[in-house]
Amino acid sequence: MTRTREPLISLALYHAFKWSVVSPALHAYFRGKIYGAENVPQSGAVIVVSNHASYFDPPIVSSCVRRPVAYMAKEELFKVPVLAQAIKLYGAYPVSRGSADRNAIRSALEYLANGWAVGVFLEGTRTNDGRIHDPKRGAALLAAKAKAPFLPVSLWGSEQILQPGSSLPRSVPLTIRIGQLIDAPSSTNKEELERVTQMCAKAINEMHDLGR
């Protein structure tokens, strides 16, 4: 049977972790502002695409869209105490960096088939300024195969959370903007995937440019 959203146990764990840890930290410590939460579909498969500047981005995005988001996360993160447990609660699954990890792609498609929101950082790695410069077509390929729409999300300020040489998160202001849904590509044609990828990158960068 095809699910329209994630299992109840995942939703319960998500809310427990969100309200006990992520949301209080986001609002009290990071003075978080969230815009566009009404744009998030609360059921059905959707691909959450965003910029990426911090290890803290996955739980922040998931908290702001008000539903669990399954992320491809580099396998090294699953070796970090506390962080590993946190991202697993949010549906994260490992991907081998620098390789076409077919198992990770298959996992993403399975999550989408079961009604999950799946998160993809459009550039595939963190950027120093939080903007997207070189978007990859992986999210568009997933969307085309799963026939799932994109939900563009911009994180502003997260690149300042951790400074080089420090492991203590800084209390910096964060702003999260959630855009309108973008339709899935009509085919897996390279040009079509590139067109929609650029559309997503443009939407995210425009929201990021709005600043605080």
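The chain goes by 1-acyl-sn-glycerol-3-phosphate acyltransferase in an unreviewed UniProt entry, where it is assigned to Dolichospermum compactum NIES-806. Taken verbatim from the UniProt record of the chain, the Catalytic activity (unreviewed entry) comment is "a 1-acyl-sn-glycero-3-phosphate + an acyl-CoA = a 1,2-diacyl-sn-glycero-3-phosphate + CoA". In its Sequence similarities (unreviewed entry) section, the UniProt entry covering the chain states "Belongs to the 1-acyl-sn-glycerol-3-phosphate acyltransferase family."

Next up on the list: the environment of Leu151. Mapped onto the secondary structure, Leu151 falls in strand β6 (residues 150-156). Leu151 sits 32 residues away from Gly119 along the chain, and the two C-alpha atoms are 9.2 Å apart. Setting aside residues no more than four positions away along its own chain, Leu151 makes contact with Asn39, Val40, Val46, Ile47, Val48, Val49, Val65, Ile178, Gly179 and Leu181.

Taken together, the 7 strands give an open sheet; going across it, the order is β1-β7-β6-β2-β5-β3-β4, and neighbouring strands pair in mixed fashion. This sheet does not close on itself; its edge strands, each paired only once, are β1 (33-35) and β4 (93-95). Taken over all neighbouring pairs, the strand axes of this sheet differ in orientation by 25° on average, direction set aside. When strand β2 (residues 46-50) meets strand β5 (residues 117-121), the two strands line up parallel, connected through 5 bridges. By the bridge assignment for β5, Val49 is matched with Val120. Contacts between helix α4 (residues 102-113) and the sheet are confined to β2, β3 (69-74), β4 and β5, with β4 contributing the most and set at about 150° to the helix.

This paragraph deals with the pattern of salt bridges. Within this structure, the stated rule accounts for 7 salt bridges. Two residues, Glu206 and Lys202, come together in a salt bridge whose shortest N-O distance is 2.7 Å. Of this pair, Glu206 and Lys202 both sit in helix α6 (residues 190-208), 4 residues apart, which is roughly one turn of that helix. When salt bridges that share partners are traced, they join Arg5, Glu6 and Arg67 into one network.

On to the pairing of strand β7 (residues 175-178), then. Of the two faces of β7, the one lined by Thr175 and Arg177 and the one lined by Ile176 and Ile178 are each fully buried. Both β1 and β7 contribute to a ladder of 3 bridges, which runs parallel. Each residue of the ladder has a partner; that of Lys33, found in β7, is Thr175. Bridging between β6 and β7 involves 4 bridges; their strand directions are antiparallel. The partner of Ser154 across the bridge, within β7, is Arg177.

As a rule of thumb, soluble globular proteins bury nonpolar side chains together. Grouped together as the largest cluster of nonpolar side chains are 27 residues, with contacts concentrated most on Ile47, Val49, Leu122 and Phe150. Elements supplying a minimum of two residues to this core: β2, β4, α4, β5, α5 (138-146) and α6. Top element by residues in this core is α6. It accounts for 6 residues. Every residue in contact with Ile47, bar those within four places of it in the chain, is listed here: Leu112, Val118, Val120, Ala139, Leu142, Ala143, Ala148, Pro149, Phe150 and Leu151. In terms of nonpolar packing, the next biggest core, distinct from the first, is built from 22 residues, Ala37, Ile60, Val153 and Ile161 among them.

How each quantity is defined
Residues numbered from 1 in each chain as written. Predicted model: local features only at pLDDT ≥ 70, side-chain atom pairs only at ≥ 80, totals over all residues. Heavy atoms only, no water. UniProt positions renumbered as here; feature names shortened; annotations may be inferred. Helix = DSSP H or I, 4+ residues; strand = E, 2+ residues; numbered from the N terminus. Contact = heavy atoms within 4.5 Å. Pairing = 2+ DSSP bridges. Axes fitted to C-alpha atoms, helices over the stretch in contact; angles between N-to-C directions. Salt bridge = Lys/Arg side-chain N within 4 Å of Asp/Glu carboxyl O. Buried < 20%, exposed > 50% of the residue type's maximum accessible area, 1.4 Å probe, protein only. Core = buried A, V, L, I, M, F, W, Y, C linked by side-chain atoms within 4.5 Å.

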